[in-house]
Amino acid sequence: MKKIQMVDLKGQYQGIKEQVNTSIAQILDSSAYINGPEVHALQKEMEDYLGVKHMIPCANGTDALQIAMMGLGLERGDEVITADFTFAATVEVIALLQLTPVLVDVEPDTFNIDPKAIEKAITPRTKAIVPVHLFGQCANMDVILEIAKKHNLYVIEDNAQAIGASYIGADGTKQKAGTLGHVSATSFFPSKNLGCYGDGGAIFTNDDALAHTLRGIVNHGMYERYHHDVVGVNSRLDSIQAAVLRAKLPHLDAYNQKRRTAALKYSMALGNHNDIVTPKMPICCASETCVCDSHVFHQYTLQIKSGKRDALVQHLNEKDIPCGVYYPIPLHLQKAYTDTRYKEEDFPVTNQLVQEVISLPMHTELGDEQITFITTTILEFLNR
Ligand SMILES: *Cc1c(COP(=O)(O)O)cnc(C)c1O
C-alpha cells in the first residue's frame, strides 16, 4: 500500500504534469512573470466557471479577505461578525484593519456560523458578516443574506475552503459558493481544493464599482500609473501560479467528485459507530452519482465522542496514518483575539468541537485500500 498522506499533491501533479511544465517553460521564456497573459486568461476562465462578473487575482487568501474589507470602505471601530471556529486568517485581517472582530458560535451539524448567534451579536456598529464556508460546505446563506438585508450589512464570504461547491437555496436555485454575498475571497494555497504551487488568492464580486476599486487596491491604489487615489497594497498573482491553476481548473469538478467519493466511503464505514459523528451532508450525496456539489470536502472531519479524540490521534500517528485537529483552540480564547464582550456560555458548540474534531486524510488520490486501512484502524481502536 502507498504511504498515506494528509494531502497528496505529487500524485495529482502526475496527471497534469505535461501541461504545467510546458506552460511554465513558456512563461520563463516570455518574462511576463506577474499579471501576464496567463493571469488574464485565468481571470476569464474562473469568472465563467463560477458565473461571477469579476475575479480580482491577488497574492493569497488572507490578502483577498483584507482587500475585500478595504474595498468596502469599512472604517476603524466598525464591527465585523465572523465564526469562532475557523482558521485565524479570517479574524486576523479584521483586527489588522482596526475593525472590531465579533466572534460568534457555530452550528453543531455543519460547523458553520450560526445565524441565530449573528442576530444576537448585531449592534448599531455592526457593518459586515463574514461567513466561512468551512471544510467545503456553505454556511446558511439564505438566512445570513436575509439578516444582512434587514440590518443593512455587507456579506463577505470566506470561500477559501469551498471553491467549486454549490449552494442550494431554499427556493431550489443552485449557485456557486463565493458568488452569493457582496464580495468573496478565496485562497489557492497548495492544499486547498484548487491550489497552485505557491501562494495565490482571489476576490470575486458582481459589483462593477467595487471590482474597479479592488483592482486599484491590489496594485498600490493606482488606477492610473503613478496616481495613487487610495491607500493600497502590493498583492498580485504570479503568472506561473496562474498557469498551474489554469491546468487544474478544468479538473476541479472531477477533483471535488473524488473527494466526495472518498468521503462517502469513510462515512459508510464509520457512520454506525456510537462514538463517531460523521459529517452532515444532504441525503442525495449518499449516492456516488450525486451532482449537487453542496459539499466539496476540503476536510473530512469526524467528531469523536467519549473523550477518546486525543488518544485516537496518538494511535493513528503510531500507525503512520496522518490526521489533523482543525481547529484545536476557539478563536475567542486566542490571546490575540480575547475581548471582554465574550462569555464562555456563548460558545458551547465551538468549545465542544475543539475537543472532539479530527480530520482524516483527504485528497484526490486516496485509494480504496488506504481508506479501508484508515477506517478499520479507527474502528479497532474505538472498539478495544
Ligand atoms: C486558507 C484559509 C485562509 C487564508 O488563505 P491563505 O492563502 O493561506 O492566506 C483564509 N480563510 C480560511 C478559512 C482558510 O482556510
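If you're wondering where the values come from, they're calculated on a predicted model, not measured in any experiment.

Side note on the pairing of strand 9 (residues 201–205)
Most of strand 9 sits out of view: five of its five residues are buried. Neither face of strand 9 is open: one carries Gly-201, Ile-203 and Thr-205, the other Ala-202 and Phe-204, and all of them are buried. Where strand 1 (residues 54–58) lies against strand 9, five bridges are found, and the strand directions are antiparallel. Pairing of Ile-56 across the sheet is with Ile-203, part of strand 9. In the sheet, strand 8 (residues 183–187) pairs with strand 9 via four bridges, with the strands oriented antiparallel. Its bridge partner being in strand 9, Ser-184 is matched across the sheet by Phe-204.

Describing the environment of Thr-179
Position of Thr-179 among the secondary structure elements: in the loop between strand 7 (174–176) and strand 8. Residue classification places Thr-179 among the buried residues on the basis of a relative accessible area of 7%. With 156 residues separating them along the chain, Thr-179 and Ser-23 place their C-alpha atoms 29 Å apart. Aside from chain neighbours lying at most four places away, what touches Thr-179 is Leu-50, Gly-51, Val-52, Glu-157 and Asn-206. Of note is the side chain of Thr-179, whose polar atom sits 2.7 Å from the backbone oxygen of Lys-176.

Section: unusual backbone geometry
For the peptide bond that leads from Tyr-326 to Tyr-327, omega is 10°, which places it in the cis range. Locating Tyr-327 in the fold gives a position in the loop between helix 11 (309–318) and helix 12 (348–356). Although it is not a glycine, Phe-135 sits at a positive phi angle of roughly 65°. For Phe-135, the position within the fold is in the loop between strand 4 (126–130) and helix 7 (141–151). Phe-135 gets classed as buried once you look at its relative accessible area, which sits at 3%. Residue His-220 is not a glycine yet carries a positive backbone phi of 60°.

Notes on the pattern of salt bridges
Scanning all chains against the criterion turns up 18 salt bridges. A salt bridge links Glu-356 to Lys-305, with the shortest nitrogen-to-oxygen separation between them at 2.8 Å. Residue Glu-356 is found in helix 12, and its partner Lys-305 is found in the loop between strand 13 (300–304) and helix 11; the two are separated by 51 residues along the sequence. Residue Glu-356 is classed as buried on the basis of its relative accessible area of 10%.

Concerning the pairing of strand 8
Burial analysis of strand 8 places five of its five residues in the buried class, the great majority of the element. Summarising the sheet, strand 5 (residues 154–158) and strand 8 pair through three bridges and their orientation is parallel. When the sheet's bridge partners are listed, Ile-156 is paired in strand 8 with Val-183.

Reading the values: rules and limits
Residues numbered from 1 in each chain as written. Predicted model: local features only at pLDDT ≥ 70, side-chain atom pairs only at ≥ 80, totals over all residues. Heavy atoms only, no water. Buried < 20%, exposed > 50% of the residue type's maximum accessible area, 1.4 Å probe, protein only. Helix = DSSP H or I, 4+ residues; strand = E, 2+ residues; numbered from the N terminus. Pairing = 2+ DSSP bridges. Contact = heavy atoms within 4.5 Å. Polar contact = N/O pair within 3.5 Å; in protein donor to acceptor, adjacent residues only side chain to side chain. Salt bridge = Lys/Arg side-chain N within 4 Å of Asp/Glu carboxyl O.

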